[in-house]
Structure formats: C-alpha cells, structure tokens
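Examining the three-dimensional arrangement
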Amino acid sequence: MTFETDQTCVKCPHAVYGGSVLFRSCSLSNRNSVEDSMFIECNKRPDLGFFEPSIRATECPVWKKEVILV
Amino acid sequence: MQKAAIIGLDGVPYGLLTDLADRGIMPNTRSLLGDGAITKARTSMPPNSAVSWSSIFTARNPGEHGIFGFTDFLPNSYTVSYHHSMRLRTQPFWQRNHDKRTIIINVPATYPPQALNGVHISGFVSPKVEKAIYPSEQSKWLTETGYMVDVTAPFSESEIPRFIEELKKALRKRVEVGLKLLDSKWDMTFFVVTGTDRIGHYLWDAYENTRNQYHDDFIEYFRLVDEAIGQIIESFPENTALMMLSDHGMTTSGTAYNINTLLKEEGYLSVEDKTESNYNAIRANSRAFAAETNKIYLNTEARFPRGSVKSSERVDLEDEIRDLLTSVRIGGRRVVKTVFTKEEIFDGPYSSEAPELVALPEDGFSFKTGLFSKYLSTVDRLQGRHTEDDAFLYLRGADDLDEFTHLESALLALRTQYGGLKL
C-alpha cells in the first residue's frame with residue numbers, strides 16, 4: 001500500500017524513532033504519557049534533526065518526490 | 001602547563017549548595033568555597049537548560065547563539081523540532097580553543113557531538129549512548145562501561161525508589177568514565193552532573209520537608225554528588241583553574257497554570273480536537289500560543305502557515321497579552337511575575353527567531369503549555385521548577401565575582417584564572 005496523504009511521519013518508513021522526553025522536567029522517558037514528546041529523525045532529511053512525527057504526507061517534501069511503499 | 005576545569009551541577013540553586021556545604025553534607029564543596037568566591041548568578045532567558053548551557057559554553061546571548069529552548073518549530077510549520085547541536089550559530093569555547101585538548105562529559109544541548117580536539121560525550125538530549133561520543137571509535141568502550149546519558153523519569157510514586165537508584169548509578173558511571181578519560185592528556189575539561197536537576201524536579205519537597213519519606217535519600221544523593229566532585233577534583237593538578245556553576249536554580253513548582261488554556265478562554269487561541277500532531281491543531285484565527293513552559297509565540301503570517309498576525313499588529317498584541325498575563329490572580333495572588341518581549345532580553349542576529357514573549361511565574365506557581373487542557377490551574381506532579389535568578393557561579397582563587405553575576409559571562413570569569421582561553 002502507499003503512504004496515505006492523511007498520514008504523518010508516524011507511519012512513514014523513513015522515520016527513525018529517536019526517543020521520548022518530558023521537557024518540563026528535562027527527563028528522558030521510555031514510555032508515552034500525556035506530557036511525553038516523541039521525536040524522530042528522517043532518513044531522507046537528516047538536515048531537519050529531531051522533530052515531532054507530525055508532518056503529513058501532503059506537506060512532506062520527500063513524499064512529493066516519490067511514492068513510498070510500506 | 002596550567003589546565004582549566006568546569007564542573008556543572010544542573011539545576012542547583014545557590015541556596016541549596018551553600019546550605020548543604022554549611023551543614024557539612026557537602027564537605028568537599030565547603031572546602032572549595034573557602035578557597036575562592038561564589039555568587040548568585042542570573043540565567044539567560046528562558047531559564048531552560050538548553051538555553052543556559054548554550055550561553056555558558058559560548059559566552060553569548062541567545063540572540064547570538066540562536067538557541068531559545070529544547071524545542072523550536074521547523075520553518076513555516078507547526079511541527080516541533082528538538083534541539084540539535086548543529087543549530088548552534090556560534091562556536092562553543094572548545095571549538096575556539098582547538099590548540100587545547102578538551103574532555104567534555106555530559107554537557108546538555110551538545111548532541112550530536114561535533115569533531116573536536118579531545119573527547120566529547122554529549123548530554124541531554126542524547127537518545128542513544130552509542131551515538132553520544134566523539135570520536136565514534138570510542139562508542140563500543142563507552143557502551144560497555146554501562147554509562148548512562150540520563151535516568152528515566154518516574155511516572156508514579158511507586159517508581160521513586162527505582163528513580164533514586166538510577167540517579168546514583170548514573171552518577172557513579174559518569175564519574176568512572178570521567179576519571180578514565182581524565183587519566184589521559186588534557187588541557188580543559190567540562191564535566192556536568194544532571195541528576196541534580198532531575199531529583200529537584202521530582203523530589204524538591206524532600207529537600208525542604210524533613211518529614212518527607214525521601215528526605216534522607218535527597219540528602220544522600222547530594223552527599224554522593226559532593227563525593228563525585230571530590231574525586232574529580234582530586235585527579236586535577238593543584239594549579240588547575242577551577243570553575244563550578246549551575247545553569248539555573250530550582251524552587252517549589254506549586255500550582256501549575258496553563259497559559260494556553262487562558263489564551264483559549266480569552267479568544268487568542270483556537271484549536272481543533274486533539275490530534276497526534278499537537279501544534280498542527282492550531283486554527284487559522286489564532287493570535288498567540290505558548291510552548292515549552294515559558295515561551296509565547298504570536299501566530300504571525302511571516303512565521304506560521306496559518307498565521308493571522310500582521311507585522312503591524314505585533315506590538316499592540318504583545319502589550320495586550322502582557323497585560324492579560326500580569327492581571328491573572330488566583331486566591332488574590334499574582335500568577336505571572338513578569339513578561340519580557342524579545343527585544344528586552346535577546347540581542348543578536350538570531351533574535352528574530354525567538355518567541356515574541358517570555359513569561360516567568362511568581363513564587364508558588366509554575367507554567368504548563370499543553371494545548372488541549374480544559375483546566376487553568378492544576379496541582380503539579382512535578383515538585384520543582386526552574387528559576388532564573390539563583391543559579392550559582394564559583395571560581396577557585398577569586399576574591400569576588402561581582403562583575404560576573406550573569407552566566408553569559410561565566411567564561412570571562414574563568415579567563416581571569418586561565419588567561420589562554422579564547423572567547
């Protein structure tokens with residue numbers, strides 16, 4: 001199937017899980033709570049660094065150039 | 001040849017350090033304080049470790065180094081991006097002093113570690129130990145030592161004992177690795193303990209309240225930190241220029257006040273139902289929103305994809321929001337101590353990337369910035385929050401530090417004892 005346009009980095013095969021953090025307490029976390037922030041790196045866009053996996057396929061410059069098969 | 005060393009204690013306020021030293025709980029620290037000068041120090045704004053450590057190790061204002069928090073936004077996007085050392089716009093001191101071999105251990109906001117003359121183990125946020133060291137050839141060794149970048153946050157009361165044991169283990173491993181690296185040739189070193197901040201966030205009441213069931217654990221942890229300081233310093237030659245400092249202070253969290261809930265109630269912010277993409281939920285008619293505790297962004301046309309604020313409206317809107325925030329009272333008490341505009345606190349070519357406003361809470365309050373909460377105020381499960389005016393700066397051999405009461409000038413203070421430092 002293809003990477004659906006309403007999906008975000010969460011479903012993208014180029015996303016590499018970085019970790020979860022609780023920034024209010026400067027703490028790393030190994031599970032998700034309401035306050036956790038999960039962050040990823042993109043294999044195709046290393047220049048972006050770490051970010052929240054919230055870029056939709058329609059907004060993704062990588063996705064626009066290719067059909068990602070998952 | 002003289003060496004220079006910086007020991008950092010993340011999140012340790014001046015009052016706590018001098019209290020525990022005076023009471024003999026930190027005897028090595030007490031001995032140091034008798035052999036130099038210590039002062040309360042102010043942090044860069046906002047009082048956040050990423051910002052403050054970046055200001056310390058560059059000796060620059062955030063407007064020059066470009067770091068305004070652990071998070072920012074990708075260009076023209078509401079997607080949150082996280083701190084990355086390649087975002088730093090000016091060189092840290094170890095890059096300005098390439099002729100000196102430098103050992104860096106656990107300095108926050110330096111991941112991924114960049115090439116340098118020496119060894120660099122980056123601190124929070126370093127997702128994986130094996131990627132946290134330069135040169136990468138030492139990755140296998142570091143992993144095998146059992147080194148921990150950080151501890152895992154406790155999510156419930158029942159996890160506190162595990163959390164305390166992890167803090168002790170992480171400290172022990174950090175010292176072991178530090179001593180091993182300092183056993184080789186070096187000219188400058190920068191060693192940071194971050195467990196001091198974590199225990200403050202989760203167990204601050206255990207410091208202030210002697211009846212708290214974890215009071216003895218809190219005190220014992222700082223006794224171990226003092227032992228660690230003693231071990232590290234003992235490995236230095238006697239004439240080493242030595243600076244010790246914290247990046248911010250800590251105080252009781254108190255009542256947590258959600259700035260975004262206020263902005264929603266007052267019509268400045270409108271969000272879609274909660275989605276997995278957080279700030280993407282901000283609607284086009286929104287005027288402002290808060291992020292990462294203290295930062296308030298205007299939803300400007302220039303910066304955000306659904307921005308609604310024109311540049312000509314900016315100043316009036318900032319005034320409105322500042323008046324709104326400073327008018328908030330709970331039980332007759334002010335919640336917001338002060339609100340700065342970026343022009344008041346940032347100076348440098350990257351100031352335009354800063355949030356438009358930075359707010360600081362009054363004593364007894366802390367801020368939250370969750371977008372989807374319905375509550376203005378809640379009891380915070382965190383016991384400690386950062387403060388901006390009571391970090392500490394200590395310099396061995398100094399008579400006074402009156403000229404250096406802002407952490408951005410800490411390296412200038414060190415240079416009075418270590419003249420070869422290029423800044």
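The notes below deal with the structure included here. (Residues numbered from 1 in each chain as written. Chains lettered and ligands numbered in written order. Predicted model: local features only at pLDDT ≥ 70, side-chain atom pairs only at ≥ 80, totals over all residues. Heavy atoms only, no water.)

**Quick look at the pairing of strand β8 (residues 188–193) of chain B**
Residue and element names in this part refer to chain B. Rules: Each residue is placed in one exposure class: buried if its accessible area under a 1.4 Å probe, protein chains only, is under 20% of its type's maximum, exposed if it is over 50%, and partly exposed if it falls in between. Strands are runs of DSSP state E lasting at least 2 residues, helices are runs of H or I lasting at least 4, and numbering of each runs from the N terminus. Only when DSSP finds a minimum of two bridges between them are two strands counted as paired.
Burial runs high along β8: six of the six residues are buried. Residues Met188, Phe190 and Val192 point to one face of β8 and Thr189, Phe191 and Val193 to the other, with burial holding for every one of them. Bridge analysis of strand β5 (residues 102–107) against β8 gives four bridges, and the strand direction is parallel. Along β8, the bridge assignment pairs Ile103 with Thr189.

**Brief notes about the interface of chain B and chain A**
For the record, the criterion: Contacts are assigned to residue pairs with any non-hydrogen atoms lying within 4.5 Å of each other. Buried area is a sum: the accessible area each of two parts loses on coming together, probed at 1.4 Å, counted once for each and added. Each salt bridge in this description consists of a side-chain nitrogen of Lys or Arg and a carboxyl oxygen of Asp or Glu lying within 4 Å of one another. By the criterion applied in these results, polar contacts are pairs of N or O atoms within 3.5 Å in which, for protein atoms, one can donate a hydrogen and the other can accept it, and in which residues neighboring in sequence qualify only through two side-chain atoms.
Counting from both sides, the interface comprises 43 residues of chain B and, opposite them, 31 residues of chain A. Here chain B meets chain A over a buried area of about 3000 Å², counting both sides, of which 57% is carbon and sulfur. For the pair chain B and chain A, the number of links is one salt bridge. Here B:Lys131 makes a salt bridge to A:Glu41, at a shortest N to O gap of 3.5 Å. For the pair chain B and chain A, the number of links is seven residue pairs in polar contact (both at pLDDT 80 or more). At the level of elements, β4 (80–82), α8 (195–208) and β18 (365–368) of chain B are the ones that each hand at least two residues to the side of chain B that touches chain A. A total of four residues in the side of chain B that touches chain A trace back to one element, the largest contributor, which is α8(B).

**Quick look at the pattern of salt bridges**
Residues and elements named next belong to chain B. Per the counting criterion, the structure on display carries 26 salt bridges over all chains. Between Arg60 and Glu64 there is a salt bridge, with the nearest N and O atoms lying 3.9 Å from each other. Residue classification places Glu64 among the partly exposed residues on the basis of a relative accessible area of 32%. Residue Glu344 is joined to Arg322 by a salt bridge in which the shortest nitrogen-to-oxygen separation is 3.5 Å. Remark: Arg322 occurs in helix α11 (residues 314–327) and Glu344 occurs in helix α12 (residues 342–345); sequence separation between them is 22 residues. On the accessibility criterion, Arg322 (23% relative accessible area) is partly exposed. Through salt bridges that share partners, Asp99, Lys100 and Lys422 make up one connected network.

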